[in-house]
Amino acid sequence: MKTTSTLLIYIALLALLGGCTTLQTTYFRGSMQALEDVNDAGFYPYSGESKFRQVSDMSLAAKDMYNEGYGMIGYSQFVSPLFTSLAPGYATKYAESVKAEYAIMETPEPGASNLHGYLVTYWSRLRPEGFGLGVYSSNLPDEVLEQVGQDYNVVYLEGVVPGTPAAQAGLKADDVILAVNGQRTTTTSVFSDQVRRSYGRETVISVSRYGEHRSIVVTPTEPTVRSRGSAS
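Nothing here was measured: the structure is a model prediction, and the numbers come from that model. (Residues numbered from 1 in each chain as written. Predicted model: local features only at pLDDT ≥ 70, side-chain atom pairs only at ≥ 80, totals over all residues. Heavy atoms only, no water.)

1. What to know about the packing of aromatic side chains
As a reminder of what qualifies: Under the pairing criterion, centres of Phe, Tyr and Trp rings, with the six-membered ring standing for Trp, must be within 6.5 Å; the plane angle then separates stacked pairs below 30 degrees from edge-to-face pairs above 60, leaving the rest tilted. A run of H or I in DSSP counts as a helix once it spans at least four residues, and a run of E counts as a strand once it spans at least two, with each numbered from the N terminus. Accessible area is worked out with a 1.4 Å probe on protein chains only. A residue is then buried under 20% of its type maximum, exposed over 50%, and partly exposed in between. Our definition puts a charge over a ring when NZ of Lys or CZ of Arg is within 6 Å of the ring centre and also within 35 degrees of the ring normal.
In total, this model carries nine aromatic pairs according to the counting rule given. Relative to Tyr118, the ring of Phe78 has its centre 5.3 Å away and its plane inclined at 25 degrees; by these criteria the two rings are stacked. Taken as a pair, Phe78 in strand S3 (residues 70-80) and Tyr118 in strand S5 (residues 116-125) lie far apart in primary sequence, 40 residues in all. Side by side, Phe78 and Tyr118 carry an identical accessibility label, which is buried. One aromatic cluster is present, formed by Tyr27, Phe28, Phe78, Tyr94, Tyr118 and Tyr122 through successive ring pairs. For Lys51, the ring lying beneath its charged end belongs to Tyr102, and the centroid distance is 5.6 Å. Looking at Arg53, its charged tip hangs above the ring of Tyr102, at a distance of 4.7 Å from the centre.

Set out below in structure tokens:
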């Protein structure tokens, strides 16, 4: 009788834990915002194993991932009573279900009533042939322009994808793009157009790297698979 009772308690605990697992993974799935299709030709096939990182600053982590050759396929953002010690396991489990190579979680923010705010991003490795140049770029913020005395916008690089023409030519994250073939670069859309017009041709990109002006010679190539979102 004692053995039967113990067994019933054990089964009940397993059912409870299974229910909790289903509930918690629902937070990840229910809040998931897909940005890319991991089965797209621009990504390498899933390796079959998802890795996990916890970071204090998601913006800095994203920059590192871009420079390691990964692209974000989506993110989950939610508020939950999920124990922070259990979150890495659940995040990894969900990453496996969406075939992401990495789940990166920003350190949860404590909230009221023992709730925590979660932000988890999911990443897969990109094929270099999906890029013409191989950079992620952004417009330099107005407050920065005011500090450096610029009266027009310029573009800076958030990331350079390994194996692409940009990486091979020596462009680096944080380079500020000033001009392409002598034509001033004022916004990211202008920069993207300049890159597209340069496919297959030797191109001179003028950059400022920590205040030092440089001329980088590169030959952008027309992508052979679908280009990656906002990347050039």
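From this point, things continue past the structure.
2. Looking at the pattern of salt bridges
Selection criterion: One speaks of a salt bridge when a side-chain nitrogen belonging to Lys or Arg is within 4 Å of a carboxyl oxygen belonging to Asp or Glu.
Under the definition given, this model contains six salt bridges. Arg127 is paired through a salt bridge with Glu129; the nearest N and O atoms lie 3.7 Å apart.

3. Comments concerning helix H3 (residues 87-97)
Because an α-helix completes one turn every 3.6 residues, residues spaced three or four positions apart along the sequence face the same direction. Within the span of H3, buried status applies to Ala87, Tyr90, Ala91, Thr92, Tyr94 and Ala95. Of the residues trailing H3, Lys99 is marked for its positive phi of about 60 degrees.

4. A closer look at the side chain of Ser80
Worth spelling out the cut-off: Counted as a polar contact is a pair of N or O atoms within 3.5 Å, where, for protein atoms, one must be capable of donating a hydrogen and the other of accepting one, and residues adjacent in sequence contribute only when both atoms are in side chains.
Relative to the assigned elements, Ser80 resides in strand S3. When its relative accessible area of 0% is taken as the criterion, Ser80 is described as buried. Polar side-chain contacts of Ser80 include one of 2.9 Å to the backbone nitrogen of Leu82.

5. Some points on the pairing of S3
Test applied: Criterion used throughout: strands pair if DSSP finds at least two bridges between them.
Burial analysis of S3 places eight of its 11 residues in the buried class, which makes it a mostly covered element. Pairing geometry for strand S1 (residues 33-34) and S3, over two bridges, is antiparallel. Residue pairing across strands places Ala34 opposite Gly74, the latter belonging to S3. Here 10 bridges tie S3 to S5, and the two strands are oriented antiparallel to one another.

6. Observations concerning the sheet that holds S1
In space, the five strands of this open sheet follow the order S1-S3-S5-S4-S2, with mixed pairing throughout. At either margin of the open sheet sits one strand with a lone partner, and together these are S1 and strand S2 (51-55). By the bridge criterion, seven bridges tie strand S4 (residues 102-110) to S5 in an arrangement that is antiparallel. Its bridge partner lying in S5, Tyr102 is registered against Trp123.

7. Description of the nonpolar core
Most often, soluble globular proteins have nonpolar side chains that are buried together. Formally: Nonpolar cores are built from buried Ala, Val, Leu, Ile, Met, Phe, Trp, Tyr and Cys residues. Side-chain atoms within 4.5 Å join them into one set.
Grouped together as the largest cluster of nonpolar side chains are 35 residues, with contacts concentrated most on Phe28, Ile73, Ile104, Val120, Tyr122 and Trp123. For this core, the secondary structure elements donating two or more residues are helix H2 (58-67), S3, H3, S4 and S5. By size, the runner-up hydrophobic cluster in this structure holds 15 residues, among which are Leu171, Ile177, Ile205 and Ile216.

8. Quick notes on the confidence of the model for the protein chain
Predicted coordinates in areas of low pLDDT are best not read in detail. Applied cut-off: Confidence scores labelled pLDDT are given residue by residue by the predictor and lie between 0 and 100. Throughout, a residue-residue contact means that at least one pair of heavy atoms, one from each residue, lies within 4.5 Å.
Confidence along the protein chain averages 83 in pLDDT terms, with 81% of residues attaining 70 or more. Low pLDDT, under 50, characterises residues 7-21; the stretch is placed with three contacts to residues that sit more than four places away or in other chains.

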